[in-house]
Amino acid sequence: MQIRNVQEQDYLKVISVLNDWWGGRQMSDMLPKLFFVHFQSTSFIVEENGEVIAFLIGFLSQTFPGEAYIHFVGVHPDKRKDGWGRELYHHFFQTIKQKGCDTIRCITSPVNKGSISFHTNLGFTVEKGDKMVDGIVVTSNYDGNGNDRVSFVKKI
């Protein structure tokens, strides 16, 4: 298995497993096809026997030169202890560093304790927010009314 850049035709493979990977949570609306069309050079996928086992969708900020953003990452539930998430993040770090970026940002839901732990273990810092949810600092209404998010930043 190896990491490669996403291609437009990968969209259907990823979107068809997305909600299942999140335990039935409705996540597919958060990942439109445009990411597989316009951000191929900074988005990656891992397959095993033609099946998606992990992916990372990221891009360079047009507003903040030197910054990149990780929009969405998924790892097949049966493969989460195999290190593919960490490999994808490190691959993204190397890619964006070569493109002149030294700062990465991303968010997660405060209910996703696994994601919060994963990001802090990778050296991401939780950014200041405006309220606490279950002991974690969040930005309220980040993704619309009632959709609080934990915001992370990492310097490389």
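Please refer to the structure placed before this passage.
Predicted, not measured: the structure shown is a model, and the values here were computed from it.

Participant: Can you tell me about the pairing of strand E2 (residues 44-48), naming the residues and giving the values?
Facilitator: Taken together, the 3 bridges between strand E1 (residues 3-5) and E2 define a ladder with antiparallel strand orientation. The residue of E2 that forms the bridge with Asn 5 is Phe 44. Judged from the 5 bridges that link them, E2 and strand E3 (residues 51-60) form a sheet pairing that is antiparallel. Within the sheet, the bridge partner assigned to Ile 45 lies in E3 and is Phe 55. As consecutive antiparallel partners, E2 and E3 are separated by 2 residues, and within that stretch Asn 49 has a phi angle of approximately 50 degrees, a positive value.

Participant: Now, about the state of the cysteines: what can you tell me, with residues and values included?
Facilitator: Per the counting criterion, the structure on display carries 0 disulfides. Its sulfur unpaired, Cys 101 is 14 Å from the next cysteine sulfur, which belongs to Cys 106. The class of Cys 106 is buried, set by a relative accessible area of 2%.

Participant: Please provide a residue-by-residue account of the pattern of salt bridges, values included.
Facilitator: Within the structure shown, the criterion is met by 11 salt bridges. Across the pair Glu 8 and Lys 33 runs a salt bridge whose closest N-O atoms are separated by 3.4 Å. With Glu 8 in the loop between E1 and helix H1 (10-21) and Lys 33 in the loop between H1 and helix H2 (34-38), this residue pair connects regions lying 25 residues apart in the sequence. Classification of Glu 8 as partly exposed rests on a relative accessible area of 37%. What makes Lys 33 partly exposed here is its relative accessible area of 38%. The shortest N-O distance in the salt bridge between Asp 134 and Lys 113 comes to 3.7 Å. Of this pair, Asp 134 sits in the loop between strand E7 (131-133) and strand E8 (136-138) while Lys 113 sits in helix H4 (residues 113-121); the two residues are 21 residues apart in sequence, bridging distant segments of the chain.

Cut-off values and rules
- Just so you know, the residues in each chain are numbered from 1, in the order the chain's sequence is written.
- Side-chain atom pairs in this predicted model are given and counted only at pLDDT of 80 or more, local residue features only at pLDDT of at least 70, and totals for whole chains, interfaces and linings cover all residues.
- Excluding hydrogens and water, the side-chain values take into account all heavy atoms of the structure.
- Two strands make a pair as long as DSSP finds a minimum of two bridges between them.
- Secondary structure counts use DSSP, requiring at least four H or I residues in a row for a helix and at least two E residues in a row for a strand, with both numbered from the N terminus.
- Our working definition of a disulfide is a cysteine sulfur pair at a distance within 2.5 Å.
- Only protein chains enter the accessibility calculation, which uses a 1.4 Å probe. A residue is then buried if its area is under 20% of the maximum for its type, exposed if over 50%, and partly exposed in between.
- By convention in these notes, a salt bridge is any Lys or Arg side-chain nitrogen within 4 Å of a carboxyl oxygen on Asp or Glu.

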